[in-house]
Structures are given as structure tokens and as C-alpha cells.
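So you can see what is in the structure, the chains are spelled out below.
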Amino acid sequence: MPDNKRILITGNNGYIGSVMAPWLQGQGFDVIGLDTGYFSACTLVPDRAVVPTVRADLRDVTAKELAGFDAVIHLAALSNDPIGNLNTAWTREINSQGTIRLATLAKQAGIPRFILSSSCIMYGTSEAAVVDENSPLAPRTEYARSKVEAEMALRALADDRFSPTFCRNGTVYGLSPRMRFDTVLNDFMGNAFTTGRIVIHSDGTPWRPVVHVQDVARAFQAVLEAPLETIHNEAFNIGAEEINYQIRDLGRIAAESVPGCELASVPQPGADQRTYKADFAKFKRTFPGFSFRWTAKDGAKELYAAFQEIGLKHSLFTDKRFTRLSWLRHLIDSKSIDESLRWTEVRADASRNRAKVSTG
Ligand SMILES: NC(=O)c1ccc[n+]([C@@H]2O[C@H](COP(=O)([O-])OP(=O)(O)OC[C@H]3O[C@@H](n4cnc5c(N)ncnc54)[C@H](O)[C@@H]3O)[C@@H](O)[C@H]2O)c1
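Note that the structure is a prediction, hence the values are computed from the model and not measured. (Residues numbered from 1 in each chain as written. Predicted model: local features only at pLDDT ≥ 70, side-chain atom pairs only at ≥ 80, totals over all residues. Heavy atoms only, no water.)

This part is about the nonpolar core. Among the nonpolar cores identified, the biggest contains 68 residues, and M20, I73, L250, F283, F287 and F292 are the most heavily contacted of them. Among the elements that line this core, the one with the most residues is helix α6 (residues 213–225), at 8 residues. Listed in part, the 38 residues of the second largest apolar core include L66, W90, L116 and L328. (Core = buried A, V, L, I, M, F, W, Y, C linked by side-chain atoms within 4.5 Å. Buried < 20%, exposed > 50% of the residue type's maximum accessible area, 1.4 Å probe, protein only. Helix = DSSP H or I, 4+ residues; strand = E, 2+ residues; numbered from the N terminus.)

Here it is in C-alpha cells:
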């Protein structure tokens, strides 16, 4: 895909989006964001660039608003299991129904490419040694089910005018303006830095593919630029063989990155034993020139340096702004968003806000 193509990135204001959108902008794409801004106030480090952003809920978007784009990168979602457990209906409505509606409108608007940010979580706790894109899907949570439902429905929309692609990410880590400390390596590093101690509650054996947020941005770019026939209606596990880690390895890497940090194992009944070792051969085969630049060790070093610069304290590390579930709960409790997860104050003048292009 040549430069300056027009790309709509939903969820550009979130953890991955606030890295990916400026990255693609820097690569010459004309990027417009669309985000309801749940986490606009949750900034750990400054934004890297100004990205024109329409503040809107993806559930309310119209086909007219989608006219003129060459591709949609769809990141917007309620982005983890705990939020899905809080209220299953919200996750279904935004992640599956919202995605299906958005893709249907994108197709109607004549947008040829639609890249869905999906997840390896859909493989569930796999009995298989490794899971590839043809492995049975065994979603165990509402969040995982929402991604499966969205993928299935989008598959049915594919035709010679509309090419959906499903990028199944591992767990993402690394520094982002809209930081999340509720993903595994970021959490380990925050604990290591602010308490000098990492506690692993599972038995440490579960496999977890982890991928750096900047590599995710680059991988999505590769998909964006690929000939349609290579990515049409295809799913890809996003990562590389060498970035499959066991939880105990991630704990060790984080502990070794912070001088004096202790690594403790305190197995607890009911601890997170989800395990999935992903096979990344298909991505490698399809994108032979692409290499994942970040290892978990590099990412741990990056976070350590950033935490030093910020002077990260335990109170900031555990602040509700950096745990998606806690912040959404806060928005609900403070009545900033209503029972449908829409902003209460935006509702009154929604059309004005939707027309307005802001930055973020
Ligand atoms: N972070 C990971 O480890 C990871 C792993 C696999 C897949 N993913 C997927 O990648 C995507 C991005 O993840 P993230 O970590 O950046 O999540 P995030 O929670 O940080 O960002 C999601 C963004 O979507 C926006 N959003 C949510 N609902 C919306 C709605 N109804 N209308 C408009 N905007 C809405 C939020 O305001 C937020 O800015 C998600 O689809 C997630 O499921 C993330």
C-alpha cells in the first residue's frame, strides 16, 4: 500500500493505539483516529504525536463517516477478561456486535481492508503443545468469546471487495502513553521497580506469547501493506517462536532487570493458569522480510529506564488509571459514563462532538 493512504484507527487513544497511530502517521499514512476516550485521562508519558481523532462511540458510527478510507484498523474494544466478567453484555455489545456493525458499514462504504485486533486468548487453555491458526478455538471467557464471534461474522463478510484480516496478538508489553499495568510483563516490571519483589501466583509453567507494542504496530503495518491475496480473510498469530515465554521466565527476566529484585513463587488456588504456546510459522511464511525487534529482556530494560525517568512510585503504578477494569469502574461509579458505557455529558451534544476533530 503506497504512502499517504487514508487509514481509520479505532481505539487509537488506548494502550496499543497511542503507539500504533503515531507510528503509522510517521510512516506516511494519513491517519484518523476514532475513540470514545475512556482512557484519555490515563496518561503515563507524553503522546508521541498529535493524531486527528473523532471522539465517538463505535456503536454510533454511520457509513457516511466511514467514506473515503482505504483501510480500517480496528483496535477499539473492552480489552480484557476482567472487564468481560464485570458485565458480559458490554463486552458482547462492543467487541462482537459493535465490530460486526462497524465492518458491515466499512464494507458498505467501500473500504477494501479491515484489520481486526484479535487475540491468542481465543485458543483457551490448550491441550495441544502449540496452537496455530487452524487449532480449535476454545474461548473460556466473555472477552475471548467476543473475539471469536467477531472473527466468525467478519469471515462471512469477506468477498472480492472486502478483505478482513484477523491479527491474533499475544499479550502486549512495552511503554505506551496510555500505559496498562494489567498485562503480565508490565505488571511484573512495575512491581519489581516499586516494591523490589515479584510474586508469581501460578506455578509459573503457563506459556504466554508476549509481543512488544512497537512490534505490534510494525506487524499491523506489514498486514496493511501486503497484497490483498496474501491477507484476504486470513488469521495470523502475531509474534515469533522466540517470544513464547513461560510465566516464570518473564518473572525472572523482570527480576533480573531491576537491581536487588526478589522473585517469589506463591502458588494460589484459582491463580491464572491459562496457557497457550503459539505457532507463528504462518506470519513468518507470509512476511519473510519482517523481524520482531523486541525480546522481553529488551522490553524490561526499556520499562526500567522509563520508570527511572518518571520516578515511578508504587502509588502511581497501582493507580486506577493504569488498570482498565479499575478505571472503567471509576467512570461508572462517578456517573461519567452511563449503564450503556456511553459518556453522560457527551450525550446531550453528541452530534457536535462527533463532528469535531480533536487530537490525542
Ligand atoms: N494489550 C494486549 O495485551 C492485547 C492483546 C491481544 C489483543 N488486544 C486487542 O487489541 C486492541 C487494543 O488493546 P489495548 O491494549 O490498546 O486496549 P485499551 O483498553 O488500552 O484501548 C482500547 C481503546 O478502545 C476504546 N474503546 C473502547 N470501547 C469503545 C467504543 N465503544 N467506541 C469507541 N472507542 C472505544 C477505548 O477508549 C480505548 O482507547 C483490543 O481490541 C484488544 O482486545 C490487546
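Between its terminal C-alpha atoms helix α5 (residues 184–195) stretches 16 Å, which fits the 16 Å expected from 12 residues at 1.5 Å a residue. Here α5 has its buried residues at V184, L185, N186, F188, M189, G190, A192 and T194. For α5, the elements touching its buried residues are β7 (171–173), β8 (197–200), β9 (207–212), α8 (247–257), α10 (296–310) and α11 (314–317). Among the residues trailing α5, G196 stands out with phi positive, at a value near 75°. (Expected span 1.5 Å × (residues − 1). Contact = heavy atoms within 4.5 Å.)

Glancing now at the state of the cysteines. Chemically, a disulfide is nothing more than a covalent bond linking the sulfur atoms of two cysteines. Enumeration over the complete set of coordinates arrives at 0 disulfides. Note on C120: no disulfide assigned, nearest cysteine sulfur contributed by C167 at a separation of 11 Å. (Disulfide = S-S within 2.5 Å.)

The next point concerns unusual backbone geometry. Residue N233 is not a glycine yet carries a positive backbone phi of 60°. Mapped onto the elements of the fold, N233 is located in the loop between α7 (228–231) and β10 (234–238). Look at K335: it is not a glycine, yet its phi comes out positive at around 60°. Classification of K335 by relative accessible area gives exposed; the value is 62%.

We now examine the packing of α5 against α8. Between α5 and α8, the shortest axis-to-axis distance is 9 Å and the interhelical angle comes to 35°. Here α5 runs over α8; the crossing is right-handed. For the pair α5 and α8, the contacting residues are V184, L185, F188, M189 and A192 in the first and I247, L250, G251, A254 and S257 in the second. In terms of residue class, the contact of α5 with α8 is made up of 8 nonpolar, 2 polar and no charged. (Axes fitted to C-alpha atoms, helices over the stretch in contact; angles between N-to-C directions. Left-handed = near helix turned anticlockwise from the far one by under 90°. Nonpolar A, V, L, I, M, F, W, Y, C, P; charged D, E, K, R; others polar.)

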